[in-house]
Amino acid sequence: MTLNSDHMFVLSLPPKCNHRMSLPANQAKEASQESLPANQLKEHSPEPRIVCSDPDIVVELNVGGQFYTTTMGTLMKHPGSKFPEILSRSARHYKDAQGRFFIDRPGTYFGPLLDYLRTGQVPKEHIPEVYREAKFYQIHLLVKMLEDMPQIFGEQVARMQFLLGVPNYRENLEVLLHLARAEAVAMRSSKVVVCVVHSEEEDAKCAEPLHILEAKKTPVVKFGPWKAGPGTEDFVHCLEKDIRAQGYKVSPQRYHLSRDPYTCFWIFVFTWW
């Protein structure tokens with residue numbers, strides 16, 4: 001028994017009484033986890049270790065082949081972004097031949113993001129593309145501000161929310177494109193008939209013309225009905241917009257049948273060359 005300088009008694013055990021082994025940190029962690037019940041085991045993902053946390057250090061980036069120079073402080077300005085992961089020690093192998101951090105994303109739209117990090121000014125051009133990149137880099141404040149802009153608000157809040165209420169919209173869109181391509185063999189253009197019904201009543205009235213077209217083996221894709229939201233012409237505009245966004249040249253036109261007084265049929269003309 002010994003007495004320390006603070007007059008507290010400290011008991012020194014002989015070596016044979018010390019039954020606790022000192023393990024390396026990683027083995028100690030594994031041992032402590034193995035001693036827990038299975039339902040209490042947790043996965044611990046370590047936080048990314050930044051190569052250098054000095055905010056004034058200069059960082060060179062290669063974003064999709066375009067080069068940018070900034071500071072660590074600028075990139076780390078917004079907590080929760082993806083930049084700590086990009087600049088972590090574990091990401092060191094993601095460097096180009098000159099030692100710049102390489103990010104395999106479109107370099108054109110990284111510039112507006114970097115300007116926002118530097119100045120706080122929200123980009124005014126290429127809003128949809130910048131919005132997509134802001135989501136990738138997880139710059140949450142910028143994402144929220146872009147979502148309030150008309151281009152994103154109109155697309156994400158208005159149009160997409162409407163289309164979510166149209167049953168099987170994405171699936172039927174793929175069927176429409178598949179039919180258009182199938183009809184295009186050795187042809188300059190192809191045509192697909194589209195039936196758009198807004199209400200249950202329209203759905204019932206268009207049943208007979210649908211049967212006639214199917215009997216003639218005419219390619220037809222049916223959309224609707226949906227409960228609320230824009231009418232038939234607005235829906236056709238949405239459909240045309242999504243088709244054109246995939247690179248197709250398409251023109252929707254009214255398709256009148258002798259037994260169709262309800263104008264629920266359209267023909268989509270695809271031009272290939």
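Above this note sits the structure.
From a predicted model like this one, the values you see are computed outputs, not experimental measurements.

Draft legend 1. Representation of the overall build of the protein chain. For the protein chain, the count of helices and strands is 11 helices and 9 strands. Per-residue burial over the protein chain gives 33% buried out of 273 residues. Pairs at least 24 residues apart make up 62% of the contacts formed inside the protein chain by residues separated by at least 6 positions. Here the protein chain displays about 17800 Å² of accessible surface, and carbon together with sulfur accounts for 54% of that area.

Draft legend 2. Summary view of the sheet that holds strand 3 (residues 58-63). The 3 strands are arranged 4-3-5 in an open sheet whose pairing can be described as mixed. Lying at the two open borders of the sheet, with one neighbouring strand each, are strand 4 (66-71) and strand 5 (101-103). Taking the axes of each pair of neighbouring strands and ignoring which way they run, one obtains an average angle of 30 degrees across the sheet. Bridge count for strand 3 against strand 4 is 6 bridges, and the pairing is antiparallel. Bridge assignment links V58 to a residue of strand 4, and that residue is T71. Most of the contacts of helix 4 (residues 110-119) go to strand 4, to which it runs at about 10 degrees, and overall it touches strand 3 and strand 4.

Draft legend 3. Inspection of helix 7 (residues 150-164) at higher detail. With 15 residues, helix 7 ought to run about 21 Å at 1.5 Å a step, and its terminal C-alpha atoms sit 19 Å apart, in line with that. Along helix 7, the positions that sit buried rather than exposed are I152, R159, M160, F162 and L163. Lining the buried residues of helix 7 we find helix 5 (127-136), helix 6 (140-147), helix 8 (169-182) and helix 11 (232-245).

Draft legend 4. Examining the side chain of S190 more closely. Positionally, S190 belongs in strand 6 (residues 189-196). Taking the relative accessible area as the measure of exposure, S190 reaches 3% and is therefore buried. Polar contacts involving the side chain of S190 include one to the main-chain carbonyl oxygen of A180, which spans 2.9 Å. S190 has contacts with A180, E183, A184, F268, V269, F270 and W272, leaving out every residue within four places of it along the chain.

Criteria and cut-off values
- Along each chain, numbering runs from 1 in the same order as the chain's sequence is written.
- Since the coordinates come from a predicted model, pLDDT governs what is reported: local features require at least 70, and pairs of side-chain atoms require 80 or more to be given and counted, while whole-chain, interface and lining totals use all residues.
- Side-chain descriptors were evaluated using all non-hydrogen atoms of the structure, hydrogens and water having been removed beforehand.
- Numbering of helices and strands starts at the N terminus; helices are DSSP runs of H or I of at least 4 residues and strands are runs of E of at least 2.
- To sort residues, take the accessible area from a 1.4 Å probe on protein chains only and compare it with the maximum for the residue type: under 20% means buried, over 50% means exposed, and anything in between is partly exposed.
- Any two residues whose heavy atoms approach within 4.5 Å at even a single point are treated as in contact.
- Each accessible area is a Shrake-Rupley result for a 1.4 Å probe, and residues are judged covered by the shown protein chains and nothing else.
- Pairs of strands are assigned from DSSP output, requiring at least two bridges between the strands.
- Note on definitions: angles span 0 to 180 degrees between N-to-C directions of axes, and those axes are lines fitted to C-alpha atoms, for helices only across the stretch in contact.
- Each helix should span, by expectation, one fewer than its residue count multiplied by 1.5 Å.
- N or O atoms closer than or at 3.5 Å make up a polar contact, with two conditions inside protein: a donor-capable atom paired with an acceptor-capable one, and, for residues adjacent in sequence, both atoms drawn from side chains.

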